[in-house]
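Structure assessment
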Amino acid sequence: MILAWHLGQRDYTNTAIFTEKLDRATKGDFQITTDGFAPYRDAVGFILGGRTDFAQLVKIYANNPKGRAATRQRNAPEPKQKLFTVGLTKIALVRHE
């Protein structure tokens, strides 16, 4: 189900426009999880207010064994999740080891 969609640059202005569309498309309280893009924190907080349980899922990949930059591996082991709260924002950190 698609509640709202928006095509634009990945910036604060377009994030706010998309979040306003999501606000108009929903009623009541709901849960929303986004990636770690910083403008989501402000947009969700200001536009959707206290009617959401908001979380950001941030994936942290370990360096590969050969010492090169971190890369996503298709067959990586299951991530270990650590949940904690910063202010009123729930953040999930996922780490591949």
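Description of the structure in this document. (Residues numbered from 1 in each chain as written. Predicted model: local features only at pLDDT ≥ 70, side-chain atom pairs only at ≥ 80, totals over all residues. Heavy atoms only, no water.)

Observations concerning the overall build of the protein chain
Regarding its fold elements, the protein chain presents two helices and four strands. In the protein chain, the succession of α and β elements from N to C terminus is α-β-α-β-β-β. Long-range pairs, those at least 24 residues apart, make up 38% of the contacts in the protein chain between residues at least 6 apart in sequence. With the model as given, the accessible surface of the protein chain reaches about 7,400 Å², and the carbon-plus-sulfur share is 54%. (Helix = DSSP H or I, 4+ residues; strand = E, 2+ residues; numbered from the N terminus. Contact = heavy atoms within 4.5 Å. Areas by Shrake-Rupley, 256 points an atom, 1.4 Å probe, with all protein chains shown as cover.)

Some thoughts on the packing of aromatic side chains
Counted by the stated rule, this structure contains one aromatic pair. Considering the side-chain rings of Phe37 and Tyr40, the 5.7 Å spacing of their centres and the 80° angle between planes classify their relative orientation as edge-to-face. According to the relative accessible area criterion, Phe37 is buried, its value standing at 17%. Positioned over the ring face of Phe37 is Arg10, at 4.2 Å from the centre of the ring. (Phe/Tyr/Trp six-rings, centres within 6.5 Å; stacked < 30°, edge-to-face > 60°. Buried < 20%, exposed > 50% of the residue type's maximum accessible area, 1.4 Å probe, protein only. Lys NZ or Arg CZ within 6 Å of the ring centre and 35° of its normal.)

So, the environment of Thr52
Summarising the element assignment, Thr52 is placed in strand 2 (residues 52-61). Counting along the chain gives 22 residues from Thr52 to Phe30, while the straight-line C-alpha distance between them is 5.0 Å. Ignoring sequence-local partners within four residues, the contact set of Thr52 consists of Phe30, Ile32 and Val44.

A few points about the pairing of strand 2
In the sheet, strand 1 (residues 30-34) pairs with strand 2 via five bridges, with the strands oriented parallel. Each residue of the ladder has a partner; that of Thr34, found in strand 2, is Gln56. (Pairing = 2+ DSSP bridges.)

What about the packing of helix 1 (residues 12-25) against helix 2 (residues 39-48)?
Where helix 1 contacts helix 2, the axes come no closer than 9 Å and their chain directions differ by 40°. The handedness of the crossing between helix 1 and helix 2 comes out as right-handed. Along its contact with helix 1, which presents Tyr12, Thr15, Ala16, Thr19, Glu20, Leu22 and Asp23, the element helix 2 presents Pro39, Tyr40, Asp42, Ala43, Val44, Phe46, Ile47 and Leu48. Its residues assigned to classes, the contact of helix 1 with helix 2 comprises 10 nonpolar, two polar and three charged. (Axes fitted to C-alpha atoms, helices over the stretch in contact; angles between N-to-C directions. Left-handed = near helix turned anticlockwise from the far one by under 90°. Nonpolar A, V, L, I, M, F, W, Y, C, P; charged D, E, K, R; others polar.)

What about helix 2?
Regarding helix 2, the residues found buried are Pro39, Tyr40, Ala43, Val44 and Leu48. Along the axis of helix 2, the buried residues cluster in a sector spanning 120°; they form a single face. Among the residues trailing helix 2, Gly49 stands out with phi positive, at a value near 60°. (Arc of directions from axis to C-beta.)

Digging into the nonpolar core
By size, the foremost hydrophobic cluster in this structure holds nine residues: Ala4, Leu22, Phe30, Ile32, Phe37, Tyr40, Val44, Leu48 and Phe54. Secondary structure elements with two or more residues in this core: strand 1 and helix 2. Beyond its immediate sequence surroundings of up to four residues, Phe37 is in contact with Arg10, Asp11, Thr15 and Gln56. (Core = buried A, V, L, I, M, F, W, Y, C linked by side-chain atoms within 4.5 Å.)

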